[in-house]
Amino acid sequence: MTISAGDKLPEANLIRLGANGPEAVSTGALTKGRKVVIFAVPGAFTPTCHSAHVPSFVRTIDQFKAKGVDEVVCVAVNDVFVMKAWGEATGATAAGITMLSDAGDYTKALGLSFDGAAAGLIGRSKRYAMYVVDGVVEKLQLEASPGVCEISGGEALLAEI
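Residues numbered from 1 in each chain as written. Predicted model: local features only at pLDDT ≥ 70, side-chain atom pairs only at ≥ 80, totals over all residues. Heavy atoms only, no water.

The chain carries the name Glutathione-dependent peroxiredoxin in an unreviewed UniProt entry, which gives Falsigemmobacter faecalis as its organism. According to the UniProt record, the Catalytic activity (unreviewed entry) comment for the chain is "a hydroperoxide + 2 glutathione = an alcohol + glutathione disulfide + H2O". The Function (unreviewed entry) field of the UniProt record for the chain holds the comment "Thiol-specific peroxidase that catalyzes the reduction of hydrogen peroxide and organic hydroperoxides to water and alcohols, respectively. Plays a role in cell protection against oxidative stress by detoxifying peroxides." (UniProt positions renumbered as here; feature names shortened; annotations may be inferred.)

Let us look at the UniProt feature "active site" (unreviewed entry) in the chain. UniProt marks C49 with the feature "active site" (unreviewed entry), using the numbering shown here. Other than its neighbours up to four places away in sequence, C49 contacts V41, P42, G43, V54, P55, W86 and R127. (Contact = heavy atoms within 4.5 Å.)

Right, let's talk about the pairing of strand β4 (residues 71–76) for a bit. Most of β4 is tucked away, with six of its six residues classed as buried. Burial of the side chains of β4 extends over both faces: E71, V73 and V75 are buried on one face and V72, C74 and A76 on the other. Pairing analysis gives six bridges linking strand β3 (residues 35–41) to β4, with the strands arranged parallel. Residue A40 lies in a different strand from β4, and its bridge partner there is V75. In this view, the connection linking β3 to its parallel neighbour β4 by way of helix α2 (residues 47–66) has right-handed handedness. Sheet topology places β4 next to strand β5 (residues 98–101); four bridges connect them, and they run parallel. Considered in β5, the bridge of C74 is made with M99. (Buried < 20%, exposed > 50% of the residue type's maximum accessible area, 1.4 Å probe, protein only. Helix = DSSP H or I, 4+ residues; strand = E, 2+ residues; numbered from the N terminus. Pairing = 2+ DSSP bridges. Right-handed = clockwise from strand over helix to strand, strands pointing away.)

Side chains that carry opposite charge are capable of pairing whenever their charged atoms lie near each other. Under the criterion given, the structure shown has five salt bridges. Its salt-bridge partner being E23, residue R16 comes within 2.7 Å of it at the nearest N-O pair. Look at R16 and you get partly exposed, because its relative accessible area is 35%. For the salt bridge of R59 with E155, the shortest nitrogen-to-oxygen distance reads 2.7 Å. Of the two residues, R59 is situated in helix α2 and E155 in helix α6 (residues 154–160); the sequence distance between them amounts to 96 residues. (Salt bridge = Lys/Arg side-chain N within 4 Å of Asp/Glu carboxyl O.)

Where helix α3 (residues 80–90) is concerned, the buried positions are V80, M83, W86, G87 and T90. Relative to the axis of α3, the buried residues are bounded by an arc of 120° and lie together on one face. The exposed residues of α3 that point more than 90 degrees off its buried face are F81 and A89. One side-chain oxygen at the N-terminal end of α3 lies 2.9 Å from the backbone nitrogen of F81; it belongs to D79. G91 occupies a position one or two residues after α3 and carries a positive phi of about 85°. (Arc of directions from axis to C-beta. Polar contact = N/O pair within 3.5 Å; in protein donor to acceptor, adjacent residues only side chain to side chain.)

Our focus in this paragraph is the layout of surface pockets. Estimates place the volume of the largest pocket at around 170 Å³. Around the largest pocket sit 13 residues that line it, and L17, M83, K84, T93 and M99 are the ones nearest its centre. Contributing elements (two or more residues each) for the lining of the largest pocket: β1 (13–18), α3 and β5. For the lining of the largest pocket, the class distribution of residues is seven nonpolar, three polar and three charged. (1 Å grid on protein atoms, 1.4 Å probe; cavity = no way out; pocket = protein on both sides within 12 Å on 5 of 7 lines; lining within 4 Å. Points joined across faces, edges and corners; volume = space filled by probe spheres on them. Nonpolar A, V, L, I, M, F, W, Y, C, P; charged D, E, K, R; others polar.)

Next up, the structure:
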């Protein structure tokens, strides 16, 4: 089953790199009583993700905050060390975007996993952006193709909330 607007976000753990190494972040704790933007990419450092998707949220994070969004989160099925390096390389970390790793459980629970074997992308996340209020998906912008960032970019989601 694929997640839709109006659905409660499934409980799953994402991973961040804390001061003492990798640590779990539950989706319930992340979203309870909060307004959160979560966007996911097929892979860190991949062309569209690196040059279009993340930069769109770096450009718009202040506008999301002005609309009352508590946190903007980027998720990828990559390890926490890659996510840390990617956040630094794109300016996402400096902008205040939280970079979280998914071991695949969260993406599978959303029904949004795919394989792009031709590019070596196995068990990855489809490209999307969602606006979550108190654990409920209010808006979901899901791209039809992983190589496109049109309706899932920061400006497009910002216009919907």
